[in-house]
Amino acid sequence: MRDVVLYSLLSLDGVAEEPGNWMFEADADVFSNLARVIGTQTDVVLGRGTYDYWADHWPESDVQPFADFINRRPKHVFTSTPLTPPWAGALVADEGPGPYLRKLADGPGADIGVHGSIELARALLAADLVDRMELVVVPTLAGSGRRLLTDATELRRLELVGVARSRTGCLFLSYRRGDQGPV
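The text that follows walks through the structure, step by step, so that each part is easy to find. What you see is a predicted model; the values in this text were computed from it and never measured.

**Focus: the nonpolar core**
For step 1, the next point in the chain: Phe66, Ile70 and Trp87 are the most contacted members of the largest nonpolar core, which totals 28 residues.
For step 2, the next point in the chain: Elements with a contribution of two residues or more to this core: β1 (4-11), α1 (28-38), β2 (41-47), α2 (48-55), α3 (66-72) and β6 (132-138).
For step 3, the next point in the chain: In contact with Phe66, other than residues within four places in its own chain, are Leu34, Ile38, Trp54, Trp58 and His115.
For step 4, the next point in the chain: Counting 25 residues, the second largest nonpolar core, distinct from the first, contains Leu101, Ile112, Val130 and Met133.

**Focus: the environment of His76**
For step 1, the next point in the chain: Along the chain, the position of His76 falls in strand β3 (residues 75-78).
For step 2, the next point in the chain: His76 gets classed as buried once you look at its relative accessible area, which sits at 4%.
For step 3, the next point in the chain: C-alpha separation for the pair His76 and Ile112, spaced 36 residues apart in sequence, amounts to 9.9 Å.
For step 4, the next point in the chain: Contact partners of His76, with chain neighbours within four places excluded, come to Asp43, Val44, Val45, Leu46, Leu91, Ala93, Tyr100 and Leu104.

**Remarks on the pairing of β3**
One face of the sheet, then the other: side chains in a regular strand alternate in exactly this way.
For step 1, the next point in the chain: Residues Lys75 and Val77 point to one face of β3 and His76 and Phe78 to the other, with burial holding for every one of them.
For step 2, the next point in the chain: As defined by bridge partners, β2 adjoins β3 across four bridges and the pair is classed as parallel. Across the sheet, Val44 pairs through a bridge with Lys75, a residue of β3.
For step 3, the next point in the chain: Two elements, β3 and strand β4 (residues 90-93), share four bridges in a ladder whose sense is parallel. Paired with Lys75 across the strands is Ala90, a residue of β4.

Thresholds, definitions, all that
Residues numbered from 1 in each chain as written. Predicted model: local features only at pLDDT ≥ 70, side-chain atom pairs only at ≥ 80, totals over all residues. Heavy atoms only, no water. Core = buried A, V, L, I, M, F, W, Y, C linked by side-chain atoms within 4.5 Å. Buried < 20%, exposed > 50% of the residue type's maximum accessible area, 1.4 Å probe, protein only. Helix = DSSP H or I, 4+ residues; strand = E, 2+ residues; numbered from the N terminus. Contact = heavy atoms within 4.5 Å. Pairing = 2+ DSSP bridges.

Take a look at the structure:
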């Protein structure tokens, strides 16, 4: 079975929304870590808001390694409306996240990435559908903005499976779902 891997940039106070507003330095370590994470992913799931935001940017972007990755992978978008503007490899996820992801995870391929899409990520966490979390904690206090982890997530054990630090002070934290799942 394929892993569902949530990748998120977070400020020190937990804000995930609009990292461009509070992440001032992205050094080579940040891009190397991103390359490591996406290097195992053959599919991506997105919420509709992220699709709309990214479909105007990434098809023309040359910011690597993410541009080639996101433009070449199937993008499963949870929406009930047609995908406009069109984006190569974009597919409408025609079921709820739980059933759709279970079918996708049982199919061929490697890891399934969750990028951006804060509301979708929260829903997947609440449904215990995330196998791994790859977090980049940036040494900045954003002050305001939507947070990835909220009090809507029930108590759950995670196992720290990797930790590293960039030259600019970003922490790379890798967590795996605990063997016992929800506590």
